[in-house]
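Next come the chains, spelled out residue by residue.
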Amino acid sequence: MASFFHKLFRGIKQRKKEVSGVSLLTSANLRLALRYSLFSLVFHPAFAQKKDPNKEEWISLFNGKDLSGWDIKVAGEDLNVNYKNTFRAEDGMIRIMYDQYKTFDNKYGHIYYKDPYSYYILKFDYRFLGDQVPGGASWNVRNSGVMIHSQSAKSLTKDQDFPISLEIQTLGGLGKGVRHTANLCTPGTIVEMGGKVIPDHCIDSQSKTYDGDQWVSVTAVVLGDSIIHHIIEGDTVLTYEKTKVGGGYISKQNDFASGHVGNPDYWLKRDNTPLKEGYIALQSESHAIDFKNIELLNLKGCMVPGALNYKSYYRVADNSKCEFKKR
């Protein structure tokens, strides 16, 4: 520390100028120089302050202005072709709209966040709007979803409808009785519940029914391939574990090739292997839907207590991310 201040004052002396034998480094200028130097000291990397290890650092996946950081993939289209302006950033929301469609024409699509994750908490709000676009399947009325542990947008074939993933299925009520939301659908994947493999492609939650165009808040606690919770308004409505690749594409009768999945032999070789991480994607499935407040709390990171970026709430260590004070 002494050597740092020695260099500081030496630098001040070297910068001193003389005019007619009178120093311009007056007491006021000296105070200003010291103030600047102390400011630089506080923010110098060598003196970086350790972050509060208990303060949660949520990541906003959507900047509220545009779709930067997201990749678009619509069936039958090339990567990042936003077919008929389906995906939009408007009014602080990611909107999935069909006002430029005449008919849906099986244009299933997804918009994928740029980074994969494995251990995290995901929060988002959604609402359905109006009527389904003509040509959408009857089971897709007020039906959409958020894919987790998904393959990347770049890895999909041109004609592939759905990524291999776990889908948090978002449904809206139809005003005709019970219709749960935050269900699970499993394109190319399989899970266990209560120690038993569940072969069903879609598994109902125990949520309430949400009719109309109201906002619904969803939280997913995702812990690699060990356990995943779906939560609505603070209530855990579905829990499953041991997430894996397998079970066919939609079922044993509908394999990867039938779903236009690229390199089906690769996925067959991965049958019954753990699915521990992947991308997050919002689904386009023929009914207009808005998403907002899309936030993520990463639970994987530096778990060395002495590190500047250590967090007490991390569940899995990635100590390659650790940052330490320079000496």
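Thresholds applied
Residues numbered from 1 in each chain as written. Predicted model: local features only at pLDDT ≥ 70, side-chain atom pairs only at ≥ 80, totals over all residues. Heavy atoms only, no water. Helix = DSSP H or I, 4+ residues; strand = E, 2+ residues; numbered from the N terminus. Buried < 20%, exposed > 50% of the residue type's maximum accessible area, 1.4 Å probe, protein only. Areas by Shrake-Rupley, 256 points an atom, 1.4 Å probe, with all protein chains shown as cover. Pairing = 2+ DSSP bridges. Core = buried A, V, L, I, M, F, W, Y, C linked by side-chain atoms within 4.5 Å. Phe/Tyr/Trp six-rings, centres within 6.5 Å; stacked < 30°, edge-to-face > 60°. Disulfide = S-S within 2.5 Å. Contact = heavy atoms within 4.5 Å. Salt bridge = Lys/Arg side-chain N within 4 Å of Asp/Glu carboxyl O.

- With an unreviewed UniProt entry as reference, the chain is termed DUF1080 domain-containing protein, source organism Larkinella rosea.

**Describing the overall build of the chain**
Okay, step 1: Tallying secondary structure elements over the chain gives 3 helices and 21 strands in all.
Okay, step 2: Taken over 327 residues, the chain has a buried fraction of 45%.
Okay, step 3: By element, 51% of the accessible surface of the chain is carried by carbon and sulfur atoms, the whole surface being about 16900 Å².

**Quick word on the pairing of strand β16 (residues 227-232)**
Okay, step 1: With 6 bridges connecting them, strand β15 (residues 216-223) and β16 associate as antiparallel partners. Across the sheet, L223 pairs through a bridge with I227, a residue of β16.
Okay, step 2: The hairpin turn running from β15 into β16, its antiparallel successor, is 3 residues long, and G224 in that turn takes a positive phi close to 55 degrees.
Okay, step 3: In terms of strand pairing, β16 meets strand β17 (residues 235-245) through 6 bridges, oriented antiparallel. Across the sheet, residue H229 finds its bridge partner in β17, namely T239.

**A closer look at the nonpolar core**
Okay, step 1: With 59 residues, the main nonpolar core has L122, I148, L282, F291 and I294 as its most contacted residues.
Okay, step 2: No other element matches the 5 residues that strand β8 (residues 119-128) contributes to this core.

**Concerning the sheet that holds strand β9 (residues 143-150)**
Okay, step 1: Taken together, the 7 strands give an open sheet; going across it, the order is β4-β7-β18-β9-β10-β11-β14, and neighbouring strands pair in antiparallel fashion. Looking at the sheet topology across the chains shown, the edges are occupied by β4 (70-74) and β14 (202-203).
Okay, step 2: Pairing between β9 and strand β10 (residues 166-171): 6 bridges, direction antiparallel. Bridging across to β10, N143 finds its partner in L171.

**Notes on the pairing of β8**
Okay, step 1: Buried residues dominate β8, accounting for 8 of its 10 residues.
Okay, step 2: Inspection of the sheet shows β8 paired to β15 by 8 bridges, in the antiparallel sense. Within β15, the residue paired with D125 across the bridge is S217.
Okay, step 3: Relative to strand β19 (residues 289-298), β8 runs antiparallel, the two sharing 8 bridges. Its bridge partner being in β19, D125 is matched across the sheet by K292.

**Overview of the packing of aromatic side chains**
Okay, step 1: All chains considered together, the criterion is met by 13 aromatic pairs.
Okay, step 2: Here the aromatic rings of Y98 and Y101 are separated by 5.0 Å at their centres, their planes lie at 70 degrees, and the arrangement is edge-to-face.
Okay, step 3: Judged by relative accessible area, which is 8%, Y98 ranks as buried.
Okay, step 4: Ring centres of Y266 and W267 lie 5.1 Å apart, and the angle between their planes is 75 degrees; on these two criteria the pair is classed as edge-to-face.
Okay, step 5: Put simply, the rings of Y83, Y98, Y101, F104, Y108 and F162 touch in pairs and so form one group of aromatic residues.

**Things to note about the state of the cysteines**
As used in these notes, a disulfide is a covalent bond between sulfur atoms, one from each of two cysteines.
Okay, step 1: Scanning all chains against the criterion turns up 2 disulfides.
Okay, step 2: The residue that forms a disulfide with C185 is C202, at a sulfur-sulfur distance of 2.0 Å. Across the S-S bond of C185 and C202 the torsion is about 105 degrees, and the bridge reads as right-handed. Highlighted residues: C185 in strand β11 (residues 183-185) and C202 in strand β14, separated in sequence by 17 residues.

**Observations regarding the side chain of N183**
Okay, step 1: By the secondary structure assignment, N183 is in strand β11.
Okay, step 2: Apart from the residues lying within four places of it in its own chain, the contact partners of N183 are E167, I168, Q169, L171, I203, D204, S205, H230 and L238.

**Brief notes about the pattern of salt bridges**
Okay, step 1: Counting across every chain of the model gives 10 salt bridges.
Okay, step 2: The closest approach of N and O atoms between D99 and R88, which form a salt bridge, is 2.3 Å. Here the residue D99 occupies a position in the loop between β6 (93-96) and β7 (109-113), and R88 occupies one in strand β5 (residues 87-90), the gap between them amounting to 11 residues.
Okay, step 3: Between K244 and E192 there is a salt bridge, and its shortest N-O distance comes to 4.0 Å. With a gap of 52 residues between them, K244 in strand β17 and E192 in strand β12 (residues 189-193) connect regions that are remote in the sequence.

**Some words on unusual backbone geometry**
Okay, step 1: The backbone of K84 sits at a positive phi, close to 50 degrees, despite the residue not being glycine.
Okay, step 2: Its place among the elements puts K84 in the loop between β4 and β5.
Okay, step 3: Since its relative accessible area comes to 36%, K84 is described here as partly exposed.
Okay, step 4: A positive phi is found at N272, a non-glycine position, where the angle reads about 70 degrees.
Okay, step 5: Assignment of secondary structure puts N272 in the loop between α3 (264-269) and β18 (279-284).

**Observations regarding the environment of K252**
Okay, step 1: Within the secondary structure layout, K252 lies in the loop between β17 and α3.
Okay, step 2: Residue K252 is classed as exposed on the basis of its relative accessible area, which comes to 62%.
Okay, step 3: Residues K252 and P199, 53 residues apart in the sequence, show an inter-C-alpha distance of 9.0 Å.

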